[in-house]
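Structure assessment
The primary structure of each chain is shown beneath.
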Amino acid sequence: MEGIEVEITAPAAASDPNTDEVLVEDDVTVVCSVKAADASATVDGSSVVIDVLGADGEVVLGQDDKPLTATGVPTGEANEYSAAFVLTRVPTGAVSFRCSAASVDKASGGKDEVATFIDHGPTIVATFPEVDSPHALKGVMPVEFTVTPSPLTDDDEGAEVTSVTLSVAGALIEAPLLAQDDDDPTIYRAEVDFTDPALFKEPPPEHTSVRVEATNARQPKAVTAVSDYAIVVDGKGPEIEFVDPSPNATVHGETVVEFTALDSGAGIDLDTLELSLTGVAAPYKYDASKPNVWTKTGNNFKFRFDSLSTELAGVAYQIIVSIRAQDRAKNLTDGKVLVLNKDDFAPSIDLDPGNARGMNGQNVCSKSYDPLYDALSDLAQVSVSSNMLRAIVYDRTNTGSGGDVYYMSGTNRNSVRLYVQPDSSKPILKDTNKDGICDDLAQDDFKYVSLTALGRDGSLEYDLDGTTAPAVAGVCQLPASPSTPSSRLCNNTSDMYGVVQHDVGTRGDEPIVYALAPAPSGFECTGKRWDLSSVTQSGGVSASPDGWLCLAVKGRDNLGNIGVSRPLRVCMDDPAVTWPGDGLPACMKGAPPPSCVLGCTPPPAIPAHVYRN
């Protein structure tokens, strides 16, 4: 099948690397001449194919694992075709090029092959550091690599290594920092100190490189091999930021601490991420296998704990959360601390508290007064309507030695409700945690009315109050002289001349007086009068709104701690109900009042108290 003459004109053939010129570049253009041997054949230009063959005679794979084969392209010269190839994946050593073509009628064809060598320079193998490995900015990073000749033939003189250089983060590392092994000179070692000002005028960037260059003795042109790969030089630990709760937040029971942790350089070593809590001896290490404790979404982490657990039982009021972690370069994060405050106490609630005094900014006490004024009191005799009712709701929190500011969650203002048990033979309160103190309602279906917080209003009377000393000795002082009597609220028509609030320090003031929703103005601006007949049916019991009733207020703080008041027992006389004899209900004729509780002691009354006004 002769008739087409094919000849490779470039590159030139080479059989001895010591005398012949070999390929030393990463790319090559193969040129071949293709023409008909006589007038009987015509060359099919589209059939010209050029291949790169390895030492085994097979077509070599190039980038993307595609064969190094191409259709010849006319060069512009008569009968000449060429193709360009990138030889970076062709191993150092023997390489051949083949050019083939056929006639238009496919009746004849021809081919040519040229053998030569490709030299990529000495062989460099990096031992340490590894590609993309992290390293601390402070400290010494060891470097180790080997450089060996890559001879094209057994007697190849040009393969000898003539020079080796090392650069780290752009800094040239020379002898004596770079040295060859005494026993094996192909091994090179160095120790690089990133804090050495002689090498680095400025700290290297986080993402930098290790570069080794090795040159051989090839003639007429030496070949330099390059190993250049990325490493990470990290000088700071992971960045940790708390997301929730906020600093000095109050907690009770299950608590979720949310934070972000990231490291743009070496990356976080999750095996070192740990969270510590005050009172717990061992830190909690991040453990993805415990989703009830740890969850991770990207750089966002959540940790759950129970402030009521036995481990935290010894913590009086403050839980300190600290988080630490290392990055993969062993840089430790700056300490991140979140202070949380336990609030395991429910609000104290009372419908008939002890007398109170207000204290102004000069620590002067007001006259003693009933903080609820003319609200219903225990064992009162009342009518069906025109009853004024108010409650004190005084939030509390954990305290401990060494603390002078106490944090509380605050009363949930929508939770304060007045409940009525119309059947005095049954209790209104019970003990749920078996500590002997009544702590909740005796049943869930009592009728109720919601109470509304009253805002600070009016002014207290600062007077000598006779010779009576302040209710709490040492807290406030008697006024030096009498003050002008204060006006009553609601255009001087109400029974109140001042409403104080609870000073909760960092959270400002909190209402403590609650009443039936007050009208915007007028006589009832400090609480509405109340018709008891609207709440005398409860739990399927229909009782006459006449006789003893049990009343109690229940509320909770913003963490769910539930508080109840001691029962308020009132004797109600409904003129619409006629009793035998003198017409008075039994409670007005000496019948003993009910206890209103089920086998428990009522919560204590709020004693005489000083409120900051």
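Predicted model, so just to flag it, every value in this text is computed and none were measured.

Thresholds, definitions, all that
Numbering of residues starts from 1 in every chain and runs along the sequence as written. With the structure being a predicted model, the display of local features is reserved for residues of pLDDT at least 70 and the display and counting of side-chain atom pairs for 80 or more, all residues being used for whole-chain, interface and lining totals. Side-chain numbers here rest on the full set of heavy atoms in the structure, without hydrogens or water. Helix numbers and strand numbers start at the N terminus; a helix is a DSSP run of H or I with at least 4 residues, a strand a run of E with at least 2. Burial classes follow relative accessibility: with a 1.4 Å probe on protein chains only, a residue under 20% of its type's maximum area counts as buried, one over 50% as exposed, and anything between as partly exposed. Note on contacts: a residue pair qualifies if any of its non-hydrogen atoms lie within 4.5 Å across the two residues. With residues, only the protein chains shown are counted as cover, and all accessible areas are computed by Shrake-Rupley using a 1.4 Å probe. Counted as positive: Lys and Arg. Counted as negative: Asp and Glu, with His and the chain ends omitted from the count. Here the site of a charge means NZ on Lys, CZ on Arg, CG on Asp, or CD on Glu. The pLDDT value expresses, per residue, how confident the predictor is, ranging between 0 and 100. Counted as salt bridges are all cases of a side-chain nitrogen of Lys or Arg within 4 Å of a carboxyl oxygen of Asp or Glu. Here, a strand pair is defined by DSSP locating no fewer than two bridges between the strands. Here the axes come from fitting lines to C-alpha atoms, over the contacting stretch only for helices, and the angles between their N-to-C directions go from 0 to 180 degrees. In this analysis, rings of Phe, Tyr and Trp, with Trp reduced to its six-membered ring, are considered paired at centre separations within 6.5 Å, and the interplanar angle assigns stacked below 30 degrees, edge-to-face beyond 60, and tilted for intermediate values. Here a polar contact means two N or O atoms within 3.5 Å. Within protein one must be a hydrogen donor candidate and the other an acceptor candidate, and residues neighboring in sequence count only if both atoms are side-chain atoms. In plain terms, two cysteine sulfur atoms within 2.5 Å form what is called a disulfide here. Only protein atoms enter the 1 Å grid, on which a cavity is a set of points fitting a 1.4 Å probe that cannot get out and a pocket is an open set with protein on both sides within 12 Å along at least 5 of 7 lines, lining residues being those with an atom within 4 Å of a point. Grid points are joined across faces, edges and corners, and a volume is the space filled by probe spheres set on the points. Throughout, the ten residues Ala, Val, Leu, Ile, Met, Phe, Trp, Tyr, Cys and Pro are labelled nonpolar, Asp, Glu, Lys and Arg are labelled charged, and all others, Gly among them, are labelled polar.

Let's shift gears to the overall build of the protein chain. Scanning the protein chain for helices and strands turns up one helix and 48 strands. For the protein chain, the spread of C-alpha atoms along the three principal axes comes to 145 × 65 × 45 Å. When each of the 613 residues of the protein chain is scored for burial, the buried share is 45%. For the protein chain, long-range pairs separated by at least 24 residues make up 69% of all intrachain contacts whose partners lie at least 6 apart in sequence. Counting every atom, the protein chain has about 29600 Å² of accessible surface; 49% of that belongs to carbon and sulfur. Computed over 44 positive and 88 negative side-chain charges, the inter-centroid distance for the protein chain is 16 Å.

Our focus in this paragraph is the confidence of the model for the protein chain. Scored by pLDDT, the protein chain comes out at a mean of 88, with 94% of its residues at no less than 70. Residue range residues 537–542 is modelled with pLDDT below 50. Its contacts to residues more than four positions away, or to other chains, number 14 contacts.

This brings us to the pattern of salt bridges. Across all of its chains, the model carries 21 salt bridges by this definition. The salt bridge partner of Arg 218 is Asp 156, with a shortest N-O separation of 2.7 Å. Of this pair, Arg 218 sits in the loop between strand 16 (207–216) and strand 17 (224–234) while Asp 156 sits in the loop between strand 11 (140–148) and strand 12 (161–168); the two residues are 62 residues apart in sequence, bridging distant segments of the chain. Close ionic contact of Arg 569 with Asp 378 constitutes a salt bridge, the shortest N to O distance being 2.9 Å. Of this pair, Arg 569 sits in strand 46 (residues 568–573) while Asp 378 sits in the loop between strand 28 (356–359) and strand 29 (380–383); the two residues are 191 residues apart in sequence, bridging distant segments of the chain. For Asp 378, a relative accessible area of 21% puts it in the partly exposed group. A single network of salt bridges, built from pairs that share partners, joins Asp 119, Asp 156 and Arg 218.

Taken together, five strands build an open sheet; the order of strands is 10-17-16-12-13 and the sheet is mixed. Both edges of this open sheet fall to strand 10 (134–136) and strand 13 (171–173), since each of them pairs with a single strand only. Shown here is a sheet whose adjacent strand axes are inclined to one another by a mean of 35 degrees, direction ignored.

Inspection of every chain in the model, using the stated rule, returns 14 aromatic pairs. Taking 5.4 Å as the distance between ring centres and 75 degrees as the angle between the ring planes, the aromatic pair formed by Tyr 286 and Trp 294 counts as edge-to-face. In terms of burial, Tyr 286 and Trp 294 fall into one category: buried.

Side-chain direction in a regular strand flips from residue to residue, so the side chains alternate between the two faces of the sheet. Strand direction decides the pairing type here: strand 12 and strand 16, joined by seven bridges, are antiparallel. When the sheet's bridge partners are listed, Val 161 is paired in strand 16 with Asn 216. Both strand 16 and strand 17 contribute to a ladder of nine bridges, which runs antiparallel. Opposite Ala 214, over in strand 17, you have Ala 225 as the bridge partner.

Ordered by their spatial adjacency, four strands build an open sheet running 4-3-7-8, and the pairing between neighbours is antiparallel. Two strands lie at the open edges of the sheet, namely strand 4 (69–71) and strand 8 (109–118), each paired on one side alone. This sheet shows a mean twist of 15 degrees between the axes of neighbouring strands, independent of strand direction.

Attention shifts here to unusual backbone geometry. For the bond from Phe 128 to Pro 129, the omega torsion is 0 degrees, close enough to zero to count as cis. Within the secondary structure, Pro 129 sits in the loop between strand 9 (123–128) and strand 10. Here Asp 244 and Pro 245 are connected by a cis peptide whose omega angle stands at -5 degrees. For Pro 245, the position within the fold is in the loop between strand 18 (239–244) and strand 19 (250–251).

With respect to the helices, strands and loops of the structure, Asn 558 is situated in the loop between strand 44 (547–556) and strand 45 (562–564). Sequence separation between Asn 558 and Ala 346 is 212 residues, and the spatial gap between their C-alpha atoms is 9.6 Å. Leaving out residues up to four positions away in the same chain, Asn 558 has contacts with Ser 409, Gly 410, Thr 411 and Asn 412. For Asn 558, the side chain forms a polar contact with the main-chain oxygen of Ser 409, separated by 2.9 Å.

Per the counting criterion, the structure on display carries six disulfides. Bridging Cys 365 to Cys 476, the disulfide has an S-S length of 1.4 Å. Of this pair, Cys 365 sits in the loop between strand 28 and strand 29 while Cys 476 sits in the loop between strand 36 (457–458) and helix 1 (489–492); the two residues are 111 residues apart in sequence, bridging distant segments of the chain. On the accessibility criterion, Cys 365 (0% relative accessible area) is buried. Residue Cys 490 pairs covalently with Cys 525 via a disulfide, S to S 1.5 Å. As the torsion about the S-S bond is roughly -85 degrees, the Cys 490-Cys 525 disulfide counts as left-handed.

On to the pairing of strand 6 (residues 80–86), then. Strand direction decides the pairing type here: strand 2 (residues 27–36) and strand 6, joined by seven bridges, are antiparallel. Residue pairing across strands places Val 28 opposite Phe 85, the latter belonging to strand 6. Taken together, the two bridges between strand 5 (residues 73–74) and strand 6 define a ladder with antiparallel strand orientation. Counterpart to Val 73 in the pairing with strand 6 is Ser 82. Counting the residues in the hairpin turn of strand 5 and strand 6 gives five residues, including Gly 76, whose phi is positive at 105 degrees.

Right, let's get into the layout of surface pockets. In this structure, the largest pocket spans a volume of roughly 540 Å³. At the level of secondary structure, the elements contributing two or more residues to the lining of the largest pocket comprise strand 27 (348–350) and strand 45. The greatest single-element share of the lining of the largest pocket, amounting to three residues, is contributed by strand 45. Taken together, the residues of the lining of the largest pocket sort by class into 13 nonpolar, six polar and four charged.

Moving on: the environment of Tyr 81. Tracing the chain through its elements places Tyr 81 in strand 6. Sequence-wise, Tyr 81 and Ala 288 are 207 residues apart; in three dimensions their C-alpha atoms are separated by 63 Å. Leaving out residues up to four positions away in the same chain, Tyr 81 has contacts with Val 30, Val 31, Cys 32, Val 34, Val 43, Gly 45, Val 48, Gly 72, Val 73, Pro 74 and Thr 75.

Looking at the secondary structure, you find Ser 150 in the loop between strand 11 and strand 12. Judged by relative accessible area, which is 12%, Ser 150 ranks as buried. A polar contact is formed between the side chain of Ser 150 and the backbone oxygen of Gly 121, at a distance of 3.5 Å. Polar side-chain contacts of Ser 150 include one of 2.5 Å to the side chain of Thr 123.

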